[in-house]
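Each chain, letter by letter, is given below.
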Amino acid sequence: MWLFPALVASALSFIVALTIGDASGADDYAAQLVAQAREHKLADEREWHLLLHYRPGLFGGYESEQDDPGFFLSPTGKTDPEAELESTLRQFFSTDLVGRSQQPAQCAFVARYHWLKTRLNFDAARLPPLACDRFTRWYEEFQAESITLIFPSAFLNNPASMFGHTLLRVDQKGQTELTRILAYTINYAADVPPDAGIAYPIKGIFGGYRGYFSTIPYYLKVQTYRDIENRDIWEYRLNFTPDQLRRLLMHAWELGNAYFDYFFFKENCSYHLLALLDYADPTLHLTDEFLFWTVPADTVRLIASKPGLVADVAYRPSRSNVIRRKRETLSASERRLAQRIAHDTAEIQSPAFARLDPPKQAFLLDLASDYLRYRIDTSDAPPTELKDRNREVLTARSRLRIPSEPFAAVPFAQRPELGHKTSRASVGAGWRNNDTFEELAVRAGYHDLLDPEIGYTPDAQIELASIALRRYNRADQARIERATLANVISLLPIDAVFHAPSWKINVGMQTIRYRDCRLCSNGVVNGGIGGAVESRWLKREVWFAFGEAEANYSGAYDERHRVGGGGTAGMLADLTDRWKIMATGTYLKYPLGDKSDDLRWFVGSRFTLARNWTVRVEYQHRDHDDDVVLSIQAFF
């Protein structure tokens, strides 16, 4: 019996020795790999910096834009590329769970693992590869064949989408144009609570929200952008090789396990998608082009400018634009009939409808259904009556038993990469109240009503962070003439189908003449709501009117402020493809603070010299204050 304890002791000693030997061997091999990495200076290579999102620091060194501590395997990994690389190599020998996704390092950071494996030629016997089932299932579900950059156009009613949005669609093998909507997307967005309120823009600007990557079916994004928010969608299929596509998806998997601090103007939806594309093809250097802000339209323009990167471009019109374009093909009586059908399905039995040939009947029923679905999707609580009416329209449509003819809706706004760049500088000269001046102005972004409209949402203005400097010659004075924090206008022409209001808001400073003060700084907060209509008397005109409120602050006022309200009416007209004019008149009365009133008018004209060059003449009048300026403007 004494032999049994001896055998057990011997077996335990053998297991302990084997375990110690394995650990010692792993440590030795890890040290060998670290030494090789140092010898080849892998921590200094661009691909390692792309994987960890390192950017050069202002005072030397590097710092990662990644903000999730779980993304780093070294305590100093956020600022030390070499320490992070060495910790990553050592962690590959462990099955301990790391990161927010709680997986072994080989599986949580598959792109790091495969890149280092390629560079250091891992010995599978000494560093056994782990089976990463979660990643494998995720990757294989894509059935990836190509990648497409998606650009939904600007949506002014949501601050986060005022400049458009970008996301990636992973196109599957064997897809057709009809089935692409079933593909998955890779999307980056801020995690904003539903009750954010006024904190939303403030925290969004200063990085108060976390941004996460997610994979969402494309049809859900299309439903949101095209059907509910009525945004056109542009699709840019990219020429990526299978290896580049695999690299992109591996790094997207890693980023799904972490977060970035979200900044609306810089590290936003577009910026971090560009970082993914940079890792897929490190020769692109896309993020290097954006130092201070990242505008989605600029990222599309940059990608389209890369030779051979874009394979083809597709357009997916918003539902509202499809309805508008369909209505344009009809006579006035046919438009009225389609509208009556949408409001009362008994019109389907009317003699006017019965006289139409079957293809025209089908077209009108399709249009009526489009309009009813638009109403259903855009109403907060769609009434059951709309759904019942749509069901009756579809029932009548099915009885015709003929297919709908293909309808290609022509976009109202051309492709975003064809538009002017979003920053602008101008040099001008003019006359004001018996004095001449020279003016220099710079605008960070983005587009105003007189700018060339190609590539931008029609009848929409978003001006941010602009400043104008003037030198008055007779007064011998140089000053800040005006400064704009934000000036947003949305003109939405009303017709028989669409009735959305127009609105505007302006926050900034301007120079006024008031009583004894000839050049006084005047703070402005102005907002209004109104309506617009469209005509085609010349080429295209938009007529608009606003009821508005305004508050001013200036040392020129006896009480240093005034608050009041009134209205503005105006006209915006395209005379030719290159020539546009705008005229407005405003009357405001201020019953609070400095009691006064203000009558103003403005006339401006822009002529396009080239895509990024324009000439303007602008005249403004206020009480005893006339201002004329001629300027040449360059977009950059």
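None of these values were measured; they are calculated from a predicted model.

Engineer: I'd like a rundown of the environment of F240, residues and numbers included.
Structural biologist: Relative to the assigned elements, F240 resides in the loop between β7 (233-238) and α9 (242-255). Along the backbone, F240 and F206 are 34 residues apart, and their C-alpha atoms lie at a distance of 35 Å. Those residues in contact with F240 that lie beyond four places of it in its chain are I147, L248, L277, A280, L284 and L309.

Engineer: Tell me about helix α5 (residues 110-120), and name the residues and values.
Structural biologist: All buried positions along α5 are accounted for by V110, A111, R112, Y113, W115, L116 and L120. Where α5 ends, the next residue or the one after it, N121, has phi of about 55 degrees, a positive value.

Engineer: Can you break down the packing of aromatic side chains residue by residue, with the values?
Structural biologist: The final tally for this structure, using the stated rule, is 30 aromatic pairs. Ring centres 5.6 Å apart and planes at 80 degrees place the aromatic pair Y200 and F264 in the edge-to-face group. One end of the pair, Y200, is in helix α7 (residues 199-205); the other, F264, is in the loop between β8 (259-262) and α10 (269-280), with 64 residues separating them in the sequence. The residues Y200 and F264 share a single accessibility class, namely buried.

Engineer: Can you explain helix α6 (residues 133-142)? Please cite residues and give values.
Structural biologist: Since there are 3.6 residues in each turn of an α-helix, residues three or four apart along the chain are aligned in direction. Taken together, the buried positions of α6 are occupied by F135, W138 and F142. Projection of α6 onto a plane perpendicular to its axis shows the buried side chains occupying an angular sector of 70 degrees, all on one side. Facing away from the buried side of α6, by more than 90 degrees, are the exposed residues R137 and E140. Packing partners of the buried residues in α6 comprise α5, β3 (144-152), β4 (167-172), β5 (184-190), β6 (209-217) and α9. Looking at the residues trailing α6, positive phi occurs at Q143, about 50 degrees.

Engineer: So what's going on with the sheet that holds β6? Which residues, and what values?
Structural biologist: The 7 strands lie next to each other as β8-β6-β5-β4-β3-β7-β9, forming an open sheet whose pairing is antiparallel. The open sheet has two free edges, formed respectively by β8 and β9 (310-316), since each of these has just one partner strand. Here the strands of the sheet are splayed against their neighbours by 30 degrees on average, with no regard to which way each runs. Bridging between β7 and β9 involves 6 bridges; their strand directions are antiparallel. Note that in β9 the partner of R237 across the bridge is D312. The sheet contacts of α9 involve β3, β4, β5, β6 and β8, and relative to β3 the element is tilted by about 65 degrees.

Engineer: Before we move on, could you go through the nonpolar core and cite the residues and values that matter?
Structural biologist: Residues L89, F122 and L277 are the most contacted members of the largest nonpolar core, which totals 93 residues. Counting residues in each nonpolar core, the second largest holds 23 residues, with L365, Y374, V393 and F498 among its members.

Engineer: So what's going on with the packing of helix α12 (residues 319-328) against helix α15 (residues 358-378)? Which residues, and what values?
Structural biologist: Two elements in contact, α12 and α15, have axes separated by 10 Å at closest approach and are oriented at 150 degrees. Overall, the two elements α12 and α15 adopt an arrangement that is roughly antiparallel. When you trace α12 past α15, the crossing you get is left-handed. Counted together, R319, S320, V322, I323, K326 and R327 of α12 and F363, D366, L367, D370, Y371, R373, Y374 and D377 of α15 form the full contact between these two elements. Here the contact of α12 with α15 is composed, by residue class, of 6 nonpolar, 1 polar and 7 charged.

Engineer: A description of the confidence of the model for the chain should follow, citing residues and the corresponding values.
Structural biologist: Regions with low pLDDT should not have their predicted coordinates read in detail. Of the residues in the chain, 96% have a pLDDT of 70 or more, and the chain-wide mean is 92. Throughout residues 1-21 the model reports pLDDT below 50, and contacts reaching past four residues in sequence, or to other chains, amount to 0 contacts.

Engineer: An account of the pattern of salt bridges is needed here, citing residue identities and associated values.
Structural biologist: Tallied over the full model, the rule gives 57 salt bridges. The closest approach of N and O atoms between E177 and R180, which form a salt bridge, is 3.2 Å. The exposure class of E177 is exposed, given its relative accessible area of 54%. Judged by relative accessible area, R180 falls into the buried class, the value being 14%. Of the charged contacts in the structure, one is a salt bridge between R470 and E439, with a shortest N-O distance of 2.6 Å. Here R470, found in strand β12 (residues 460-472), pairs with E439, found in strand β11 (residues 435-447); they are 31 residues apart in sequence, far enough to count as distant. Judged by relative accessible area, which is 4%, R470 ranks as buried. Taken together, the shared-partner salt bridges in this structure form one network comprising R424, R443, D448, D451, E463, R616 and E618.

Engineer: Tell me about the pairing of β6, and name the residues and values.
Structural biologist: In the sheet, β5 pairs with β6 via 7 bridges, with the strands oriented antiparallel. Residue pairing in the sheet places N187 in a bridge with S214 of β6. Two elements, β6 and β8, share 4 bridges in a ladder whose sense is antiparallel. If you follow G211 over to β8, its bridge partner there is F260.

Engineer: So what's going on with the sheet that holds strand β18 (residues 579-593)? Which residues, and what values?
Structural biologist: Reading around the circumference, β10-β11-β12-β13-β14-β15-β16-β17-β18-β19-β20-β21 is the order of the 12 strands in this closed barrel, with antiparallel pairing throughout. Ignoring which end each strand starts from, the neighbouring axes of this sheet average 20 degrees apart. Relative to strand β16 (residues 540-553), strand β15 (residues 517-535) is paired through 13 bridges, and the arrangement is antiparallel. Residue pairing in the sheet places V524 in a bridge with N552 of β16.

Rules used throughout
- Residue numbers restart at each chain and count upward from 1, following the sequence in its written direction.
- Local features are withheld for residues below a pLDDT of 70 in this predicted model, meaning they are given only at 70 or higher, and side-chain atom pairs are given and counted only at 80 or more; totals for whole chains, interfaces and linings count all residues.
- Hydrogens and water molecules were not included; the side-chain quantities draw on all heavy atoms of the structure.
- Numbering goes from the N terminus for both helices and strands, where a helix is a DSSP run of H or I of at least four residues and a strand is a run of E of at least two.
- Whether two residues are in contact is decided by their heavy atoms, any of which lying within 4.5 Å being enough.
- Categorising residues by exposure relies on relative accessible area from a 1.4 Å probe, with only protein chains included: less than 20% of the type maximum marks a residue as buried, more than 50% marks it as exposed, and the intermediate range marks it as partly exposed.
- Aromatic pairs are defined between Phe, Tyr and Trp rings, using the six-membered ring for Trp, whenever the two ring centres lie within 6.5 Å; interplanar angles under 30 degrees are classed as stacked, those over 60 as edge-to-face, and all others as tilted.
- Picture the helix axis, draw a direction to every C-beta atom, and the arc is the one those directions span.
- Here, any two strands with at least 2 DSSP bridges between them count as paired.
- Angles shown run from 0 to 180 degrees and are taken between the N-to-C directions of axes, each axis being a line fitted to C-alpha atoms and, for helices, limited to the stretch in contact.
- Definition used in this section: a nonpolar core is a set of buried Ala, Val, Leu, Ile, Met, Phe, Trp, Tyr and Cys residues joined via side-chain atoms within 4.5 Å.
- Roughly parallel covers angles under 35 degrees, roughly antiparallel covers those over 145, roughly perpendicular covers 65 to 115, and oblique covers all other angles.
- Helix crossings are classified by the rotation of the near helix relative to the far one: an anticlockwise turn of less than a right angle makes the crossing left-handed, while a clockwise turn makes it right-handed.
- Gly falls in the polar group here, along with every residue not listed as nonpolar (Ala, Val, Leu, Ile, Met, Phe, Trp, Tyr, Cys, Pro) or charged (Asp, Glu, Lys, Arg).
- The pLDDT value tells you how sure the predictor is about a given residue, anywhere from 0 up to 100.
- Any Lys or Arg side-chain nitrogen located within 4 Å of an Asp or Glu carboxyl oxygen qualifies as a salt bridge.

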